[in-house]
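Each chain, letter by letter, is given below.
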Amino acid sequence: MSSSDIFIGETIGTAILILLGGGVCAAVTLKASKARNAGWLAITFGWGFAVLTAVYTSAPLSGAHLNPAVTLALAIKDKDFSNLPTYWGGQLLGAMIGAALVWLAYYGQFHAHLTDKEIVGGPGAQATAAKAVEAQEKGAGPVLGVFSTGPEIRNVVQNLATEIIGTVVLVLAVLTQGLNDKGNGLGTLGALITSLVVVSIGLSLGGPTGYAINPARDLGPRIVHALLPLPNKGGSDWSYAWIPVVGPLIGGAIAAGIYNVAFA
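Notes on the structure in this doc start here.

Parameters at a glance
- Residues numbered from 1 in each chain as written.
- Predicted model: local features only at pLDDT ≥ 70, side-chain atom pairs only at ≥ 80, totals over all residues.
- Heavy atoms only, no water.
- Salt bridge = Lys/Arg side-chain N within 4 Å of Asp/Glu carboxyl O.
- Helix = DSSP H or I, 4+ residues; strand = E, 2+ residues; numbered from the N terminus.
- Buried < 20%, exposed > 50% of the residue type's maximum accessible area, 1.4 Å probe, protein only.
- Phe/Tyr/Trp six-rings, centres within 6.5 Å; stacked < 30°, edge-to-face > 60°.

## Looking at the pattern of salt bridges
Using the criterion set out here, one finds four salt bridges in the structure. Arg154 is the salt-bridge partner of Asp237, the closest N and O atoms lying 2.4 Å from each other. Residue Asp237 is located in the loop between α11 (215-227) and α12 (243-262), and its partner Arg154 is located in the loop between α8 (144-147) and α9 (156-178); the two are separated by 83 residues in the primary sequence. Residue Asp237 is classed as buried on the basis of its relative accessible area, which comes to 3%. Here Asp218 ties to Arg222 by a salt bridge, and the two come within 2.6 Å at their closest N and O atoms. Of this pair, Asp218 and Arg222 both sit in helix α11, four residues apart, which is roughly one turn of the helix.

Right, dumping it as structure tokens:
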């Protein structure tokens, strides 16, 4: 694979991943969305199908890593770090593009949600405004969850451990079950297996932090949230932002180490 193929494939694939994954979060969260309050099952399966679609689309070009933690694990496994910057650059750019497309697709719903007094507070607001105030005090605005993750209980050790554990499960599944014949990305059957593993992680381990398990998935959309002209959007919670970046990278490295010791 050429560097241009890798960069283009990862950009397109990660954009699709975030468009569909962030899209289901927007659908469940925002007022005037037909899917509002559809719940955690909708989110977990939405993200699983997002992975499936993104992998099948981008695999012919780049091997469909779509996740810096997966790229790091493969680099450690193969002892070849030469393409790491290309993969990571495409993944971050794609994540930002996908997040911007979610905003465009739900433009009216974002405006309706963020100008509703019950969501953002103000004169005439009801008790639900207290939740928005509490979230903003913690640094997270009322729609940040559409773009990036956040913990239910803020405990650095637990939050970091949760992201590490979830990513170890994901990357071990990719390394043992998901790779194509060349071993440099996801194969056709591997894409299906990986998407189901993502659903499983969401159902079983997503409750504490929202299961980023992917640095680009969290950082790229968080940057877009900070830049978008959303009214009353609140903060982007930068004090937490390092955890869904560092945790998955540590998890990917641990998974690669386990693979090299136990499976290689």
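## Things to note about the packing of aromatic side chains
Two measures describe an aromatic ring pair: the distance that separates the ring centres and the angle between the ring planes. In this structure the tally under the stated criterion is five aromatic pairs. On the numbers, 6.3 Å between centres and 40 degrees between planes, the contact of Phe45 with Phe49 is tilted. Taken together, the residues span about one helical turn, with Phe45 and Phe49 both in helix α2 (residues 40-62) at a distance of four residues. The partly exposed category is assigned to Phe45, whose relative accessible area is 37%.

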